[in-house]
Amino acid sequence: MKSTAQSGGKSAAQPAAPAPVILSYKFPLAPCAHQHAALQRILDDQRDLYNAALEERIGSYEWAKRHSAAEFAEAKRAIRKTTSYYGQSVTMREIRAMLPEYGDVSALISRGTLQRLEKAYQAFFERVKKGGPPGFPEFKPARFFKTLEINQSDGFRVKGNQLRVKGVPGGMRIRLHRPLPGKPKALRLTRELNHVEGKAKGKPKALRHKRQMDHVKGKAKWWVSFAVEVEGKPRPSGKPAIGVDAGVKALAACSDGKRYEGIQAGRDGLAELSRAQRAFQRRRKVAKRSGNWNSRGFARSKERVRRAHKRVANVRDNHGHHVANAIVGRASLVAVEDLNVRGMMAKGGAHKRGLNRSIGDAAMGALIGKLRYKADVSGVEFVEVSARGTSQACSGCGAVVKKGLEVRVHNCPKCGLKLDRDVNAARNILQRALQGKEGAAQ
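Residues numbered from 1 in each chain as written. Predicted model: local features only at pLDDT ≥ 70, side-chain atom pairs only at ≥ 80, totals over all residues. Heavy atoms only, no water.

Observations concerning the nonpolar core
And step 1. If you look at the biggest cluster of nonpolar residues, it comprises 37 residues, and the most contacted ones within it are Leu29, Leu163, Leu187, Leu189, Val224 and Phe226.
And step 2. Among the elements that make up this core, the one with the highest residue count is helix H1 (residues 33–65) (seven residues).
And step 3. Filtering out sequence-adjacent residues up to four positions away, Val224 remains in contact with Tyr25, Lys26, Phe27, Leu29, Leu163, Ile174, Leu187, Arg188 and Leu189.
And step 4. By size, the runner-up hydrophobic cluster in this structure holds 24 residues, among which are Ala252, Cys254, Tyr260 and Ala331. (Core = buried A, V, L, I, M, F, W, Y, C linked by side-chain atoms within 4.5 Å. Buried < 20%, exposed > 50% of the residue type's maximum accessible area, 1.4 Å probe, protein only. Helix = DSSP H or I, 4+ residues; strand = E, 2+ residues; numbered from the N terminus. Contact = heavy atoms within 4.5 Å.)

In structure tokens form, the structure reads like this:
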């Protein structure tokens, strides 16, 4: 029942409480040797289930296509009942009764695998409707299938720093570097598979007796992510609305003139990565001539390349979090462009290779994603507007001032406004967002 307050004989509704928010908390997992083996066995079985379910869907569709046009629609409706997520979930009950490798683990893990396939199909149909590249779901090799999902809280148990999952003996230790704010509603187990262990020829001697996790150095091969529902924060008052222009030169330029420069993590780590890759290629040639792919030097060189890539990704991701926190923390509304970063990098050919590398290194799409979810958590309104013409239009008078990428200052001949090109774009983004809100209100 809604509470009301009496004022002059009329009841006024109280402001609605902020909606709860689902947050993800990721921690390193430290399974011992037999727990690691059990998790890997479950992962392999779930990959077989994913591929078998995909093969059943493809086979049923090919069978339906062999019918006439009139019978095709009826055949599709018939097979949809058996090859949809719900139909395959019913079949999964029979499989669990026959095969102990599926019956001895939680049924929610198998349901999570089938849900992943269903999401892949739904995303495929959405891309087809939009006219983009279809990207039909593909069969998963071992190195690309590294996640187990449990989407209900009764499929696992967390007590202290111990995680228990049916099918894995004992409790697995979690490195809880911060407390969970509530009871987890779902979890995801992820294997950080290095290149050497992913080879079909087995684990090399150099890595055979290594521990699964070094708590001191934080090198985890398994991670656990918990989905926790927390109370939403009320919308901040007294803070300004901010437009953000994400770019290469400045990672984020704000409408109030504040700029956050990019760090070019990929370019800074390029020397180390190049040295590691050259050393790996030399080891690879030696291994190819001798046929010995399990040598200690080959394993070390491949691990060095993987760590170099991981280090660059971590530095870039950390900087993006700092910038997103700084912007959201001082705003009541954040407006950004609806950027198609993949489309920006797809055009231009070889002569644009350097710019494409800089676009990828800046991680503009990742920054927008961080702004979106941090705004949701903080109660800040988040608005996306069209990116067309934000750099060319004048934020003072609206006149179109054509300029190339090399021109970094906006100078309007009509109204005389002169300021940084990216700040001008950020002001245009904010104006479009506020105009859209006014239009929606009317």
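A short note on a positive patch on the surface
And step 1. Among the surface-exposed residues, Arg275, Arg278, Arg282, Arg283, Arg296, Arg300 and Arg304 lie close enough to one another that they form a single positively charged patch.
And step 2. For the positive patch, the elements supplying multiple residues, two or more each, are helix H7 (270–290) and helix H8 (296–328).
And step 3. If one sorts the elements of the positive patch by residue count, H7 sits on top with four residues. (Patch = residues over 30% accessible without salt bridge, like charges linked within 9 Å, V, L, I, M, F, W, Y side chains within 5 Å. Areas by Shrake-Rupley, 256 points an atom, 1.4 Å probe, with all protein chains shown as cover. Salt bridge = Lys/Arg side-chain N within 4 Å of Asp/Glu carboxyl O. Lys, Arg positive; Asp, Glu negative; His and termini not counted. Charge placed at Lys NZ, Arg CZ, Asp CG, Glu CD.)

Quick look at helix H5 (residues 107–130)
And step 1. End to end, H5 covers 35 Å across 24 residues, agreeing with the expected 34 Å (1.5 Å per residue, within 8%).
And step 2. Buried within H5 are the following residues: Leu108, Ile109, Ser110, Gly112, Thr113, Leu114, Arg116, Leu117, Tyr121 and Phe124.
And step 3. Remark: Gly131 follows H5 within two positions and exhibits a positive phi of approximately 80 degrees. (Expected span 1.5 Å × (residues − 1).)

A few points about the sheet that holds strand S8 (residues 184–191)
And step 1. Taken together, seven strands build an open sheet; the order of strands is S4-S8-S11-S3-S7-S6-S5 and the sheet is antiparallel. Looking at the sheet topology across the chains shown, the edges are occupied by strand S4 (147–150) and strand S5 (156–159). Sheet twist, expressed as the average angle between the axes of neighbouring strands with direction ignored, equals 30 degrees.
And step 2. Sheet topology note: the strand S3 (residues 21–30)/strand S11 (residues 222–230) ladder contains nine bridges and is antiparallel. Each bridged residue has a counterpart across the sheet, and for Phe27 the counterpart in S11 is Val224.
And step 3. Across the face of the sheet, H5 comes into contact with S4 and strand S6 (162–165) while running at roughly 110 degrees to S4. (Pairing = 2+ DSSP bridges. Axes fitted to C-alpha atoms, helices over the stretch in contact; angles between N-to-C directions.)

Brief notes about unusual backbone geometry
And step 1. If you check the backbone angles, Gln264 has positive phi at about 50 degrees while not being a glycine.
And step 2. Take Gln264: it is sitting in the loop between strand S14 (259–261) and helix H6 (265–268).

Looking at H7
And step 1. Relative to the 30 Å expected for 21 residues at 1.5 Å per residue, H7 spans 30 Å between its end C-alpha atoms, a close match to the ideal helical length.
And step 2. All buried positions along H7 are accounted for by Leu273, Ala276, Ala279, Phe280 and Ala287. Looking down the long axis of H7, one finds its buried residues gathered within 135 degrees of arc, a one-sided arrangement. Opposite the buried face of H7, at more than 90 degrees from it, the exposed residues are Arg282, Lys285, Lys288 and Arg289.
And step 3. Those residues of H7 that are buried are in contact with H8. (Arc of directions from axis to C-beta.)

Digging into the environment of Glu55
And step 1. Within the element layout of this structure, Glu55 appears in helix H1.
And step 2. The class for Glu55 is exposed, based on a relative accessible area of 51%.
And step 3. Separated by 83 residues in the primary sequence, Glu55 and Glu138 have C-alpha atoms spaced 9.6 Å apart.

A word on the packing of aromatic side chains
And step 1. Tallying each qualifying case throughout the model produces 10 aromatic pairs.
And step 2. Look at Phe280 and Phe298: their rings are 5.6 Å apart centre to centre, the planes differ by 40 degrees, and that puts the pair in the tilted class. With a gap of 18 residues between them, Phe280 in helix H7 and Phe298 in helix H8 connect regions that are remote in the sequence. Note on accessibility: Phe280 and Phe298 belong to one class, buried.
And step 3. Members of the aromatic cluster, joined through ring pairs, are Tyr121, Phe124, Phe125 and Phe136.
And step 4. Positioned above the aromatic ring of Trp223 is the side chain of Lys26, whose terminal nitrogen or guanidinium carbon lies 4.9 Å from the ring centre.
And step 5. One Lys or Arg, Arg57, reaches over the ring of Tyr121 and ends 4.6 Å from the middle of that ring. (Phe/Tyr/Trp six-rings, centres within 6.5 Å; stacked < 30°, edge-to-face > 60°. Lys NZ or Arg CZ within 6 Å of the ring centre and 35° of its normal.)

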